[in-house]
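Observations on chain architecture
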Amino acid sequence: MKQLVVTAAVIERDGRILLAQRKPETHMGLKWEFPGGKLEWGEDPRAGLAREIREELGIEIEVGDVLEVVSHTYEDRHVVLMGYSCRCRSGELQKLDVQDVRWVQPDELLSYDLAPADVPIVEKLLRL
Ligand SMILES: Nc1nc2c([nH]c(=O)n2[C@H]2C[C@H](O)[C@@H](COP(=O)(O)OP(=O)(O)OP(=O)(O)O)O2)c(=O)[nH]1
């Protein structure tokens, strides 16, 4: 089984959180998640997360503290998912490598069809 280290951005703006929908042809296709992706070998996690967000959404973010770290085993892979609190710095949101995006009120996050590994991150967010 492969093991992936994945970073995810919990981006807050005006009290709402950004969710992204995965493209249909990917693992967990059409599930909603916090945008981000796999780290490259040797890459600093915050730099890797800023890179992924630039590539997927065309915006620059400020990556803050770790919100939660989740270990989740899917059928074919073990994912270590690191969720960071983030803010937008500049740029216009574009759907460069995501199916869709949505700014969501925190109390509505759990009504989305989330990637299962993301649920503990949402629960942590809701406890804060
Ligand atoms: N970016 C991101 N990925 C997540 C989250 N939750 C979660 O389980 N994942 C999983 C889905 C994927 O297996 C992996 C991230 O992979 P990715 O987004 O970089 O790339 P990918 O679809 O091309 O992956 P792959 O099929 O090529 O292995 O982590 C999340 O909140 N954000």
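Whatever comes next refers back to the structure up there.
In short, a report on the structure. This one's a predicted model, so the numbers in the text were calculated from it and none came from an experiment. (Residues numbered from 1 in each chain as written. Predicted model: local features only at pLDDT ≥ 70, side-chain atom pairs only at ≥ 80, totals over all residues.)

Our focus in this paragraph is the overall build of the chain. Looking only at helices and strands, one finds 2 helices and 7 strands in the chain. When the helices and strands of the chain are read in sequence order from the N terminus, they spell out β-β-β-β-α-β-β-β-α. Relative to its length of 128 residues, the chain is compact, with a C-alpha radius of gyration of 13 Å against a globular reference of 14 Å. In terms of overall dimensions, the chain has a C-alpha envelope of 40 × 30 × 30 Å along the principal axes. (Helix = DSSP H or I, 4+ residues; strand = E, 2+ residues; numbered from the N terminus. Rg over C-alpha atoms; globule rule 2.2 N^0.38 Å.)

With that out of the way, let us pick up the site of the ligand. Close contacts around the ligand come from 17 residues, with Thr26, His27, Glu33, Gly37 and Ala117 the closest. Of all the secondary structure elements, the ones that give two or more residues to the shell around the ligand are strand 1 (2-13), strand 4 (36-38) and strand 6 (77-90). Tallied by class, residues from the shell around the ligand come to 9 nonpolar, 4 polar and 4 charged. (Near = placed C-beta within 6 Å. Nonpolar A, V, L, I, M, F, W, Y, C, P; charged D, E, K, R; others polar.)

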